[in-house]
Amino acid sequence: MSDILLAGREPASAPAASLDLRPLTGHIGAEIHGLDLSRPLPPSTVAAVQAALWQWKVVFFRKQPLTHAQHVAFAGQFGRPTLGHPVYGYVDGHPQVYSVARNRFSSRHTGDQLLRPWTGWHTDVTAAVNPPAASILRGVVIPPYGGDTQWTNLEAAYEALSPTLRDFVDALRGIHQFVPPEGQGATEEFLRKNRARPLVSEHPLVRVHPATGRRSLYVSPLFLQRITGLSPRESRQLLDLLFEHVVLPEFTVRFRWEKDSIAFWDNNATAHLAPRDIYRLDFDRQLYRVTLKGEVPVGVDGRPSTAIEGEPLDAYE
Ligand code: SIN
């Protein structure tokens, strides 16, 4: 049993309860045991889980057989759930729940990906001007092997840059939008859905966390297309450096799913990677995700992100 030590601002509401918290790596990821997420949590426990999330970036729970409604209710204790996915839809009858199925639409593109270490890594919905603050993913059908998810700590990645490079990237901004992974083409369905809800935003490359004030290297490899104000070659080469840096194994944690596991991540300070090995296996994989409404990111200079196309994501109530 360990108490949460929150480096940064204290949570605004109740004092934090003590949790059975078991960190998984030096930088990111902790399992939380001893809670029943199917029922409302006391305010002090909500504060403790929130503090753990800000400290460990992704927290995991085991043996939580939630319904969709309980999943949304759990999420609602930490913020305001959004529509399941602004572009790719939601589960029938559960508008705040997004289906993460093995063959979900957003993973279907044409041609072969250009596989580089950062291919597929992303922070959720950074094409929007206010990407979700957090995402809560629940495992329902889990393959007997394969299908792990990985997360990386973008604050640790920022801290590990040299002071000179930190100063340089502090002033930069970049354009985020939905495009197929590098090397692949868009399907007709992809184009149609993205035309129906176009989302393009400019975010700072270094984001100041809205709750803790910590800085993170806010680069989302799947969505961040180019750095504003640099030539295409400068932009590509600097992005390759930063993308490779943020996915260094020392900043990451890898989670082995079980049925009824839950992963809850701070989408302000992490990127994650959905598994590719499931496409080599015959097993099904079905998870469900709820995301919480986020704030418009702010850079080191205090400048907020700007929407180039599309409206901010709103809570779905
Ligand atoms: C996601 O990208 O939100 C889903 C991750 C996963 O499928 O493991």
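Relevant structure appears above.
For clarity, every value in this text was computed on a predicted model and none was experimentally measured.

## Some thoughts on unusual backbone geometry
Link 1 in the chain: Phi at K63 is positive, roughly 55 degrees, even though this residue is not glycine.
Link 2 in the chain: Relative to the helices and strands, K63 resides in the loop between β3 (58-61) and α2 (68-76).
Link 3 in the chain: In this structure K63 comes out as exposed when scored by relative accessible area, which is 66%.
Link 4 in the chain: Unlike most non-glycine residues, D260 shows phi in positive territory, near 70 degrees.

## Thoughts on the sheet that holds strand β6 (residues 149-153)
To summarise the sheet geometry, strands pair through backbone hydrogen bonds and adopt either a parallel or an antiparallel arrangement.
Link 1 in the chain: The antiparallel open sheet is built from 3 strands, whose spatial order is β12-β6-β14. The open sheet has two edge strands with one neighbour each: β12 (252-255) and β14 (270-273). Between one strand axis and the next, the sheet turns through 20 degrees on average, direction left out of account.
Link 2 in the chain: As paired strands, β6 and β14 are joined by 4 bridges and run antiparallel to one another. Bridged to W151 within β14 is H272.

## Regarding helix α4 (residues 163-170)
Link 1 in the chain: Looking only at α4, the buried set comprises R166, V169 and D170. In an axial view of α4, the angular spread of the buried residues amounts to 105 degrees, which keeps them on one side of the axis. For α4, the exposed residues set more than 90 degrees away from the buried face come down to T164 and D167.
Link 2 in the chain: The inward-facing, buried residues of α4 abut α3 (154-159), β9 (206-208), β10 (215-217) and α6 (232-246).

## Considerations on the sheet that holds strand β7 (residues 173-177)
Link 1 in the chain: Ordered in space as β11-β7-β8-β16, the 4 strands form an open sheet in which the pairing is antiparallel. Both outer strands of the open sheet, β11 (224-227) and β16 (306-309), are each paired with one neighbouring strand and no more. Neighbour to neighbour, the strand axes of the sheet diverge by 30 degrees on average, direction disregarded.
Link 2 in the chain: Bridge count for strand β8 (residues 200-204) against β16 is 3 bridges, and the pairing is antiparallel. Along β16, the bridge assignment pairs S201 with A307.

## What to know about the side chain of H85
Link 1 in the chain: Examined against the element boundaries, H85 turns out to sit in the loop between α2 and β4 (98-101).
Link 2 in the chain: Residue H85 is classed as buried on the basis of its relative accessible area of 5%.
Link 3 in the chain: At 3.0 Å, the side chain of H85 and the backbone nitrogen of Y88 are in polar contact.
Link 4 in the chain: Once residues within four sequence positions are removed from consideration, H85 is found in contact with Y98, V125, F178 and R289.

## Here's the deal with the nonpolar core
Link 1 in the chain: Residues I32, F61 and F264 are the most contacted members of the largest nonpolar core, which totals 29 residues.
Link 2 in the chain: Looking at which element gives the most residues to this core, the answer is helix α1 (residues 43-56), with 6 residues.
Link 3 in the chain: Those residues within four positions of F61 in sequence are excluded, and the remaining contacts are I32, L35, L37, V49, F74, D260, S261, I262 and F264.

## Things to note about the site of the ligand
Link 1 in the chain: Near the ligand the following residues occur: V100, H122, D124, L137, T149, W265, H272, A274, P275, R285 and R289.
Link 2 in the chain: Between an oxygen atom of the ligand and a side-chain N or O atom of R285, the distance comes to 2.8 Å.
Link 3 in the chain: Side-chain polar atom of R289 to an oxygen atom of the ligand: 2.8 Å apart, as the coordinates give it.
Link 4 in the chain: Taking 260 Å² as the accessible area of the ligand by itself, protein coverage stands at 99%.
Link 5 in the chain: Partitioning the shell around the ligand into residue classes produces 5 nonpolar, 3 polar and 3 charged.

## Describing the environment of P42
Link 1 in the chain: Mapped onto the elements, P42 comes out in the loop between β2 (30-33) and α1.
Link 2 in the chain: Remark: the alpha-carbon pair of P42 and A73, spanning 31 residues in sequence, is separated by 13 Å.

## Considering the packing of aromatic side chains
Link 1 in the chain: On inspection of all chains with the given rule, the structure shows 13 aromatic pairs.
Link 2 in the chain: Note on W118 and F243: the rings are 6.3 Å apart at their centroids and 50 degrees apart in plane angle, and the pair reads as tilted. Here the residue W118 occupies a position in the loop between β4 and β5 (134-141), and F243 occupies one in helix α6, the gap between them amounting to 125 residues.
Link 3 in the chain: Here W118 falls in the buried class, since its relative accessible area comes to 9%.
Link 4 in the chain: Sitting over the ring of Y158, R166 keeps its end group 5.8 Å from the ring centre.
Link 5 in the chain: For the cation-ring pair, R207 lies above Y218, with the distance from its terminal atom to the ring centre recorded as 5.1 Å.

Reading the values: the criteria
- Every residue gets a number counted from 1 within its own chain, in the order that chain's sequence is written.
- Restriction of local features to residues with pLDDT of at least 70 applies here, the model being predicted, together with a cutoff of 80 or more for giving and counting side-chain atom pairs; totals for whole chains, interfaces and linings are based on all residues.
- Only hydrogens and water are set aside; all other atoms, that is, all heavy atoms of the structure, feed into the side-chain values.
- Runs of E in the DSSP output that reach at least two residues are strands. Runs of H or I that reach at least four are helices, and both are numbered from the N terminus.
- A simple rule labels every residue: compare its accessible area, found with a 1.4 Å probe on the protein chains alone, to the largest value its type can have, and call it buried under 20%, exposed over 50%, or partly exposed in between.
- We treat two strands as partners when DSSP finds at least two bridges between them.
- For helices, the fitted axis covers only the stretch in contact; all axes are lines through C-alpha atoms, and the angles between them, taken along N-to-C directions, range from 0 to 180 degrees.
- Each C-beta atom gives one direction from the helix axis, and the arc is the one those directions make.
- By definition, residues are in contact when any of their heavy atoms lie within 4.5 Å.
- Here a polar contact is taken to be a pair of N or O atoms separated by no more than 3.5 Å, where protein atoms must pair a possible hydrogen donor with a possible acceptor and residues adjacent in sequence count only if both atoms sit in side chains.
- To define a nonpolar core, start from buried Ala, Val, Leu, Ile, Met, Phe, Trp, Tyr and Cys residues and group those joined through side-chain atoms within 4.5 Å.
- Distances are taken per atom, and a residue is near a molecule or strand as soon as one of its heavy atoms is within 4 Å of it.
- In these tables, accessible area is a Shrake-Rupley quantity obtained with a 1.4 Å probe, and a residue counts as shielded only by the protein chains included in the view.
- Basically, the charged four are Asp, Glu, Lys and Arg, the nonpolar ten are Ala, Val, Leu, Ile, Met, Phe, Trp, Tyr, Cys and Pro, and anything else, Gly included, counts as polar.
- A pair of aromatic rings is counted whenever rings of Phe, Tyr or Trp (Trp by its six-membered ring) have centres within 6.5 Å, and the orientation is called stacked for planes under 30 degrees apart, edge-to-face for over 60 and tilted otherwise.
- Look at NZ for Lys and CZ for Arg. If either is within 6 Å of the ring centre and within 35 degrees of the ring normal, a charge sits over the ring.

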